[in-house]
Amino acid sequence: MTGLAIIGGTGLTSLSGLEVTDKQFIETPFGQPSSALFMGRFAGKKVVFLPRHGEGHTVPPHKINYRANLWALKHAGISKVISIAAVGGIHDDLAPGTLAVPEQIIDYTYGREQSFYSDNFSPDKHLDFSYPYTESLRKLILDSADKQQIAIKNGGVYGATQGPRLETAAEIKRLKQDGCDMVGMTGMPEAYLARELGIDYACCALMVNWAAGLSDGVITMKHIEQTINEGMTEIKQLLAEIIQTQ
Ligand code: HPA
């Protein structure tokens, strides 16, 4: 049974180098996932790939059915998920093009289904989430980057915002005061839903812009896409190492 899945974000709606052996459309009790699960081989090893925003990037962050995505992966036998996320850099060390493996989350999202047990709750469902990412999986990403001599930052706080709009400069100032080092729109509730299902979960974040107000000029998708294209080569090299090691 395949154990590892990659959830690809903006810029990673397909995984080049993935030899797809099966495409599974899974209906879940929580509705439909963002797309079919792509089962296949990458760097000679089994892996499952799920594009978070759908195959054509048509599902915005606040409309993603996070519960269906995680449930479908669990159903397919997945025990580890690595999330690839394009984010805005807030900390001075996190300039566009930098890779990081965050270790904490602050959740600013709202109105998203946060639990598989919303309609079936009991006191034992208040799960510990002190450390939202699985340390062994964070370490796997960091060690794999080391082996491939890919520069990557260990740590940082991921601020999860609602989207689909980018933040105001004042919002980023507040996030910075709160202790956020990077900002993205999809980190939650994905990480917590993985916890509820007992799936190991870690994130590899690529800074694709300076967050709002931290650089001159407007944040454009053209610039973001350019940074993503440059960063994806390293991410794919990193994924190949991770998949071969695990
Ligand atoms: N803010 C929120 N999400 C993002 C950003 C940003 O600046 N860049 C990429 N995803």
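Refer to the structure printed above.
Throughout, a residue's number is its position along its own chain's written sequence, starting from 1. Where local features are concerned, this predicted model is filtered to residues with pLDDT of at least 70; where side-chain atom pairs are given and counted, the filter is 80 or more; whole-chain, interface and lining totals use all residues. As a rule here, side-chain values come from all non-hydrogen atoms in the structure, and water together with hydrogens is ignored.

Draft legend 1. View of the nonpolar core. Formed by 37 residues in total, the largest nonpolar core has its most connected members in Leu37, Leu73, Val81 and Met182. Helix and strand definitions here come from DSSP, where helices need a minimum of 4 consecutive H or I residues and strands a minimum of 2 consecutive E residues; each element is numbered from the N-terminal end. For this core, the elements supplying multiple residues, two or more each, are strand S1 (4-8), strand S3 (37-42), strand S4 (45-51), helix H1 (66-75), strand S5 (80-89), strand S9 (157-160), helix H4 (190-197) and strand S11 (200-210). Tallying contributions element by element places H4 first for this core, with 5 residues. Two residues form a contact once any of their heavy atoms are found within 4.5 Å. Ignoring sequence-local partners within four residues, the contact set of Leu37 consists of Asp22, Lys23, Gln24, Ile26, Val48, Phe49, Leu50, Ala72, Leu73 and Ala76. Residues Ile84, Val101, Leu238 and Ala240 belong to the second largest nonpolar core, which totals 32 residues. Throughout, nonpolar core names a set of buried Ala, Val, Leu, Ile, Met, Phe, Trp, Tyr and Cys residues whose side chains join them through atoms within 4.5 Å. Burial classification: accessible surface area is computed with a 1.4 Å probe over protein chains only, and a residue below 20% of its type maximum counts as buried, one above 50% as exposed, and the rest as partly exposed.

Draft legend 2. Examining the environment of Ser34 more closely. Within the secondary structure, Ser34 is located in the loop between strand S2 (19-24) and S3. Owing to a relative accessible area of 16%, Ser34 belongs among the buried residues under this scheme. C-alpha of Ser34 to C-alpha of His62: the two residues are 28 residues apart in sequence and 12 Å apart in space. A distance of 2.6 Å separates a polar atom in the side chain of Ser34 from the backbone oxygen of Arg52. Two N or O atoms form a polar contact when they lie within 3.5 Å of each other; inside protein one atom must be a possible hydrogen donor and the other a possible acceptor, and for residues adjacent in sequence the pair counts only when both atoms belong to side chains.

Draft legend 3. A look at the layout of surface pockets. Considered as a void within the structure, the largest pocket measures approximately 480 Å³ in volume. Around the largest pocket, the lining is made up of 28 residues, and of these Thr10, Pro61, Ala86, Leu166 and Met185 lie nearest the centre. Those elements that place two or more of their residues in the lining of the largest pocket are S5, strand S10 (182-184), S11 and helix H5 (221-245). At 5 residues, S5 tops the list of elements feeding residues into the lining of the largest pocket. The way it works is a 1 Å grid over only the protein atoms, where trapped points that fit a 1.4 Å probe form a cavity and open points with protein on both sides within 12 Å along at least five of seven lines form a pocket, and then any residue with an atom within 4 Å of a point lines it. Grid points are joined across faces, edges and corners, and a volume is the space filled by probe spheres set on the points. By volume, the second largest pocket amounts to about 200 Å³. We call Asp, Glu, Lys and Arg charged. Ala, Val, Leu, Ile, Met, Phe, Trp, Tyr, Cys and Pro are nonpolar, and the rest, Gly among them, are polar. Here the lining of the second largest pocket is composed, by residue class, of 4 nonpolar, 3 polar and 4 charged.

Draft legend 4. Spatial organisation of the site of the ligand. Within the structure, the ligand sits among Ala86, Val87, Gly88, Leu166, Glu167, Val183, Gly184, Met185, Val208 and Asn209. One nitrogen or oxygen atom from the main chain of Ala86 is found 3.2 Å from a nitrogen atom belonging to the ligand. The backbone of Gly88 places a nitrogen or oxygen atom 3.3 Å from a nitrogen atom of the ligand. Relative to its unbound accessible surface of 260 Å², the ligand loses 92% to contact with the protein. When atoms are counted within 2 Å of each cavity's grid points, the one that captures over half of the ligand is the largest pocket. If you list the elements that add at least two residues to the shell around the ligand, you get S5, S10 and S11. Here a residue is considered near a molecule or strand provided that any single heavy atom belonging to it is located within 4 Å of it. Each accessible area is a Shrake-Rupley result for a 1.4 Å probe, and residues are judged covered by the shown protein chains and nothing else. The way we define it, a molecule is inside a pocket or cavity when more than half of its atoms are within 2 Å of that pocket's grid points.

Draft legend 5. Main features of H4. Of all 8 residues that make up H4, 7 are buried, and the element is covered over most of its length. Residues Glu190, Ala191, Tyr192, Leu193, Ala194, Glu196 and Leu197 constitute the buried set of H4. Of the surrounding secondary structure, the elements contacted by the buried residues of H4 are S1, H1, S5, strand S7 (104-107) and S11. Once H4 finishes, Gly198 follows within two positions and takes phi at roughly 75°, a positive value.

Draft legend 6. Quick peek at the packing of helix H2 (residues 135-147) against H5. Think of each axis as a best-fit line through the C-alpha atoms, taken over the contacting stretch in the case of a helix, with angles from 0 to 180 degrees between the N-to-C directions. Following both chains from N to C, one finds H2 and H5 inclined at 115°, their axes separated by 9 Å at the closest point. When you trace H2 past H5, the crossing you get is right-handed. Listed contacts from H5 to Leu140, Ile141, Ser144, Ala145 and Lys147 of H2 are Leu238, Glu241, Ile242 and Thr245. Whether a crossing is left-handed or right-handed is set by the direction in which the near helix is turned from the far one by less than a right angle, anticlockwise for left-handed and clockwise for right-handed.

Draft legend 7. Layout of the environment of Glu103. For Glu103, the location among the structural elements is in the loop between strand S6 (99-101) and S7. As for Glu103 and Glu135, which are separated by 32 residues in sequence, their C-alpha atoms are 8.3 Å apart. Setting aside residues up to four positions removed in sequence, Glu103 forms contacts with Pro132, Tyr133, Arg138, Gly155 and Gly156.

Draft legend 8. H2, seen in detail. Under the convention used throughout, the expected extent of a helix is 1.5 Å for every residue step, that is, one less than its residue count. Its 13 residues place the ends of H2 18 Å apart at the C-alpha level, agreeing with the 18 Å of an ideal helix rising 1.5 Å per residue. Within the sequence span of H2, burial applies to Leu137, Arg138, Leu140, Ile141, Leu142, Ser144 and Ala145. Residues of H2 that are buried in the fold lie against S5, S6, strand S8 (153-154), S11 and H5. Just downstream of H2, Gln149 is the residue with a positive phi angle, here 55°.

Draft legend 9. Looking closely at the side chain of Ser115. Following the sequence through the fold, Ser115 ends up in the loop between S7 and H2. Given a relative accessible area of 10%, Ser115 falls into the buried group. Filtering out sequence-adjacent residues up to four positions away, Ser115 remains in contact with Arg67, Leu193 and Glu196.

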